[in-house]
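Summary of structural features
Listed below are the residues making up each chain.
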There are 2 protein chains.
Amino acid sequence: MFNATTFADDLATAPVVPASACANSNAREPRPAQHCASCSMRSACMPQTLSDQELSRFDSIVSATRLIKRGDALYRANDTFQSIYAIRSGSFKTVVMHRDGREQVTGFHLAGEVLGLDGVCTEHHSSDAIAIEDSSVCIIPYALLESMCAESKRLQQQVLRMMSGEIVRESSLMMLLGTMSAEQRVAAFLLNMSSRMKARGYSAAEFNLRMTREEMGNFLGMKLETVSRMFSKFQRDGLVQSHGKRIRIVDLDELSRV
Amino acid sequence: MFNATTFADDLATAPVVPASACANSNAREPRPAQHCASCSMRSACMPQTLSDQELSRFDSIVSATRLIKRGDALYRANDTFQSIYAIRSGSFKTVVMHRDGREQVTGFHLAGEVLGLDGVCTEHHSSDAIAIEDSSVCIIPYALLESMCAESKRLQQQVLRMMSGEIVRESSLMMLLGTMSAEQRVAAFLLNMSSRMKARGYSAAEFNLRMTREEMGNFLGMKLETVSRMFSKFQRDGLVQSHGKRIRIVDLDELSRV
DNA sequence: CGCAAGGTTGACTAGTCTCAATCCTTGTGG
DNA sequence: CCACAAGGATTGAGACTAGTCAACCTTGCG
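By the naming in an unreviewed UniProt entry, chain A goes by Crp/Fnr family transcriptional regulator and is assigned to Trinickia dabaoshanensis.

Below, the structure is given as structure tokens:
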């Protein structure tokens with residue numbers, strides 16, 4: 001049923017608009033920015049509401065892109081905050097750490113999403129952002145963004161909305177962590193990933209998870225073994241087929257009802 | 001050991017700067033605003049970084065105050081978003097609700113804190129804000145705030161910082177919900193309340209909790225019985241003395257180490 | 001004074017974690 | 001190209017934390 005040939009599977013659910021920003025390079029240092037106007041992630045990304053004029057102004061403050069290898073950090077907790085980052089391709093996890101070493105994954109972030117807003121408050125980041133696959137980001141220097149916000153009402157609104165959206169997103173995660181059973185959390189996670197993949201032009205029913213069971217478990221407030229058991233249970237019940245990181249949602253309605 | 005006379009206890013830990021905004025009224029509808037310059041919460045509140053000139057301009061957009069009785073809602077999920085609110089006196093809980101009726105308390109909010117930023121994103125609130133004691137708030141119309149942000153860089157920064165702070169606060173709650181035992185959660189909660197009381201001029205060691213065990217449990221992702229057991233355990237271990245809502249922290253260091 | 005709401009405690013249960021064995025997948029070097 | 005190592009995933013058995021249900025106590029208010 002599941003063909004394990006990753007490449008073929010990837011083709012089967014290729015994005016409508018493939019993000020191929022970093023096609024021919026392996027440099028890890030900042031490099032010239034591409035232009036938002038021609039970016040494949042534009043519709044999902046930050047400047048979506050801007051006029052053409054504002055867009056080109058915005059373009060000019062996006063100073064560079066940066067490539068991040070799988071496992072490397074885009075920034076770390078306590079780094080001084082200078083920029084926010086729009087994910088151009090790939091994906092990240094954000095992790096907060098307690099002094100005693102406990103870690104909590106606070107989110108998984110896909111192309112088009114913005115990282116780093118946690119730093120505005122104290123001018124230091126409060127979390128690590130780690131690439132969970134080779135990724136690229138656009139660097140948006142915060143001081144310039146702030147200045148431009150004073151000029152462009154639309155941009156200001158966009159930034160405020162983005163922040164508020166982050167607050168709302170985190171509230172619903174608190175709901176998940178505070179009130180749901182392990183089974184419900186995993187179901188909610190799969191549904192969430194599904195709708196985000198769909199929003200990016202991938203199949204809502206079949207996709208690759210980029211994170212390990214351990215990272216998922218850490219995010220969902222449970223152990224990796226429990227995540228694995230829930231996947232097995234969903235498979236037994238005919239809701240989902242899973243083979244490692246490859247996921248196919250078979251009965252989306254039933255999964256929503258868990 | 002614990003004297004149950006609430007009034008006397010309240011005196012024992014009276015705030016250095018009592019917030020007496022709603023002294024002589026019981027009206028529930030909007031009423032003329034007081035002035036920020038003379039407000040007892042000013043140092044803890046939103047316009048803390050503004051110049052005198054900016055402050056008076058800010059004052060002019062704070063249209064009114066409103067009294068909210070214990071148990072009443074300041075706003076509810078799906079209400080259209082028009083204003084944010086600075087708590088002048090009293091305290092609130094914010095609650096998000098799932099379609100199936102599950103509720104999660106996402107925060108307790110004390111005087112000087114700002115409520116309602118969840119609404120910026122969709123122009124509808126995503127949570128309920130319920131007064132957990134008789135309270136009063138200043139109403140800050142968001143459209144006016146937004147306009148003023150375009151003029152005052154300092155205000156813009158303040159608003160962005162506030163939002164970012166909310167994001168960071170919620171991340172640390174996710175950590176609490178995702179990685180801590182019931183005992184650790186209750187300890188962290190007490191320490192958090194303690195430092196917030198202290199920041200408001202109350203005693204850090206002895207204070208009244210305004211919420212019920214059920215509300216605490218809902219916030220901390222556990223049942224009220226478990227909260228109660230943890231209080232009893234801390235009392236047995238000599239870390240905390242509790243008598244209903246009255247709390248005295250006996251061994252703050254040890255409580256931090258839990 | 002009596003009632004309702006809130007709080008405490010106990011006994012039992014369910015759900016998740018822990019530890020451990022095993023399997024599968026992927027990448028690497030001979 | 002194959003063998004092997006290492007990381008990741010799955011599964012099982014037993015332990016333990018927190019939930020459930022129920023009884024009872026305390027406090028504040030009409």
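Some points on unusual backbone geometry
Residue and element names in this part refer to chain B. Positive phi outside glycine occurs at Asn78, with the angle close to 80 degrees. The topology assignment puts Asn78 in the loop between β3 (73-75) and β4 (83-89). With phi around 65 degrees, Glu123 is a residue other than glycine that occupies positive phi space.

A word on the nonpolar core
One finds A:Phe189, A:Leu190, A:Leu209, B:Phe189, B:Leu190 and B:Leu209 to be the most contacted residues of the largest nonpolar core, which totals 64 residues. Other than its neighbours up to four places away in sequence, A:Phe189 contacts A:Phe108, A:Leu209, A:Met211, A:Met216, A:Phe219 and A:Leu220. If you look at the next biggest cluster of nonpolar residues, it comprises 52 residues, including A:Cys149, A:Leu160, B:Tyr142 and B:Leu160.

What to know about the pairing of strand β2 (residues 64-68) of chain A
On any regular strand, side chains alternate: one points to one face of the sheet, the next to the other face. All names here are of chain A. Across the 5 residues of β2, 4 count as buried, placing the element largely inside the fold. Sheet topology note: the β2/strand β9 (residues 135-141) ladder contains 5 bridges and is antiparallel. Residue Arg66 lies in a different strand from β9, and its bridge partner there is Val137.

Quick notes on the interface of chain A and chain B
Contacts between the two partners involve 44 residues from chain A and, on the opposite side, 44 residues from chain B. Looking only at chain A, the three residues that lose the most surface to chain B are A:Arg102, A:Ile167 and A:Met174, adding up to 17% of its buried area. Scanning the region where chain A abuts chain B turns up 0 salt bridges. At the surface where chain A touches chain B, the tally comes to 20 residue pairs in polar contact (both at pLDDT 80 or more). When residues of the side of chain A that touches chain B are traced back to their parent elements, those giving at least two are β5 (91-97), β6 (103-110), α3 (142-151) and α4 (153-179) of chain A. Looking at which element gives the most residues to the side of chain A that touches chain B, the answer is α4(A), with 20 residues. The class makeup of the residues in the side of chain A that touches chain B is 20 nonpolar, 15 polar and 9 charged.

Looking at the pattern of salt bridges
Residues and elements named next belong to chain A. Evaluation of the coordinates by the stated rule reveals 28 salt bridges over all chains. We note a salt bridge from Arg57 to Glu151, for which the minimum N-O separation is 3.2 Å. Of this pair, Arg57 sits in helix α2 (residues 52-61) while Glu151 sits in helix α3; the two residues are 94 residues apart in sequence, bridging distant segments of the chain. Among the salt bridges present, the one from Arg210 reaches Glu133, with a minimum N-O distance of 3.4 Å. Note that Arg210 is positioned in the loop between β10 (206-208) and α6 (213-220) and Glu133 in the loop between β8 (128-131) and β9, a separation of 77 residues in sequence. According to the relative accessible area criterion, Arg210 is partly exposed, its value standing at 36%. We classify Glu133 as buried; its relative accessible area is 19%. Each of the salt bridges in this network shares a partner with another, and the network as a whole consists of Glu113, Arg196 and Arg200.

Some details on the UniProt feature "domain: HTH crp-type" (unreviewed entry) in chain A
Those residues carrying the UniProt feature "domain: HTH crp-type" (unreviewed entry) are residues 180-253 of chain A in this numbering. With 55% helix and 15% strand, residues 180-253 of chain A has its two end C-alpha atoms placed 18 Å apart.

Considerations on the environment of A:Thr106
Here A:Thr106 is to be found in strand β6. Excluding residues within four positions of it along the chain, A:Thr106 makes contact with A:Thr94, A:Val95, A:Val96, A:Arg169, A:Leu173, A:Phe219, B:Ser171 and B:Met174.

Some remarks on the protein's contact with DNA strand D
For DNA strand D, the set of nearby residues contains 18 residues, the closest of which are A:Arg213, A:Ser228, A:Ser232, B:Ala182 and B:Thr226. Within 4 Å of the protein, atoms of DNA strand D come from sugar and phosphate in 64% of cases. B:Ala182 is positioned with one of its backbone polar atoms (N or O) 2.7 Å from a phosphate oxygen of DNA strand D. Looking at the surface near DNA strand D, the elements with two or more residues in it are α7 (224-236) of chain A together with α7 (224-236) of chain B. The element that contributes the greatest number of residues to the surface near DNA strand D is α7(A), accounting for 5 residues. Across the surface near DNA strand D, the residue classes break down as 3 nonpolar, 8 polar and 7 charged.

Side note on the side chain of B:Ser83
All names here are of chain B. Residue position: Ser83 is located in strand β4. Accessibility expressed as a relative area gives 10% for Ser83, which makes it buried. Those residues within four positions of Ser83 in sequence are excluded, and the remaining contacts are His125, Ile139, Ile140, Pro141 and Tyr142.

Thoughts on the relation of the copies chain A and chain B
Superposing chain A onto chain B takes a rotation of 180 degrees combined with a translation of 0.0 Å along the rotation axis, leaving an RMSD of 0.0 Å. Such values leave the two copies arranged in the relation of a two-fold axis. By C-alpha distance to the rotation axis, the residue of chain A lying nearest is A:Ala150, at 2.3 Å. Comparing interface residues between copies, 100% of those in chain A also sit at the interface in chain B, which points to an isologous, same-surface contact.

Points about the sheet that holds strand β11 (residues 240-243) of chain A
Residue and element names in this part refer to chain A. Within the open sheet, the 3 strands sit side by side as β10-β12-β11. Their pairing is antiparallel. Edge positions in the sheet fall to β10 and β11, since each of these pairs with one other strand and no more. When strand polarity is set aside, the average angle formed by the axes of neighbouring strands in this sheet is 15 degrees. For β11 and strand β12 (residues 246-249), the ladder comprises 4 bridges, and the chain directions are antiparallel. Each bridged residue has a counterpart across the sheet, and for Ser242 the counterpart in β12 is Ile247. The strands that helix α5 (residues 182-199) touches are β10, β11 and β12; relative to β10, the one it contacts most, it runs at about 95 degrees. Contacts between α7 and the sheet are confined to β11 and β12, with β11 contributing the most and set at about 130 degrees to the helix.

Each value, and the rule that gives it
- Residues numbered from 1 in each chain as written.
- Chains lettered and ligands numbered in written order.
- Predicted model: local features only at pLDDT ≥ 70, side-chain atom pairs only at ≥ 80, totals over all residues.
- Heavy atoms only, no water.
- Helix = DSSP H or I, 4+ residues; strand = E, 2+ residues; numbered from the N terminus.
- Core = buried A, V, L, I, M, F, W, Y, C linked by side-chain atoms within 4.5 Å.
- Buried < 20%, exposed > 50% of the residue type's maximum accessible area, 1.4 Å probe, protein only.
- Contact = heavy atoms within 4.5 Å.
- Pairing = 2+ DSSP bridges.
- Buried area = accessible area lost by both parts, 1.4 Å probe.
- Salt bridge = Lys/Arg side-chain N within 4 Å of Asp/Glu carboxyl O.
- Polar contact = N/O pair within 3.5 Å; in protein donor to acceptor, adjacent residues only side chain to side chain.
- Nonpolar A, V, L, I, M, F, W, Y, C, P; charged D, E, K, R; others polar.
- UniProt positions renumbered as here; feature names shortened; annotations may be inferred.
- Near = heavy atom within 4 Å.
- Least-squares fit on C-alpha atoms with pLDDT ≥ 70 in both.
- Axes fitted to C-alpha atoms, helices over the stretch in contact; angles between N-to-C directions.

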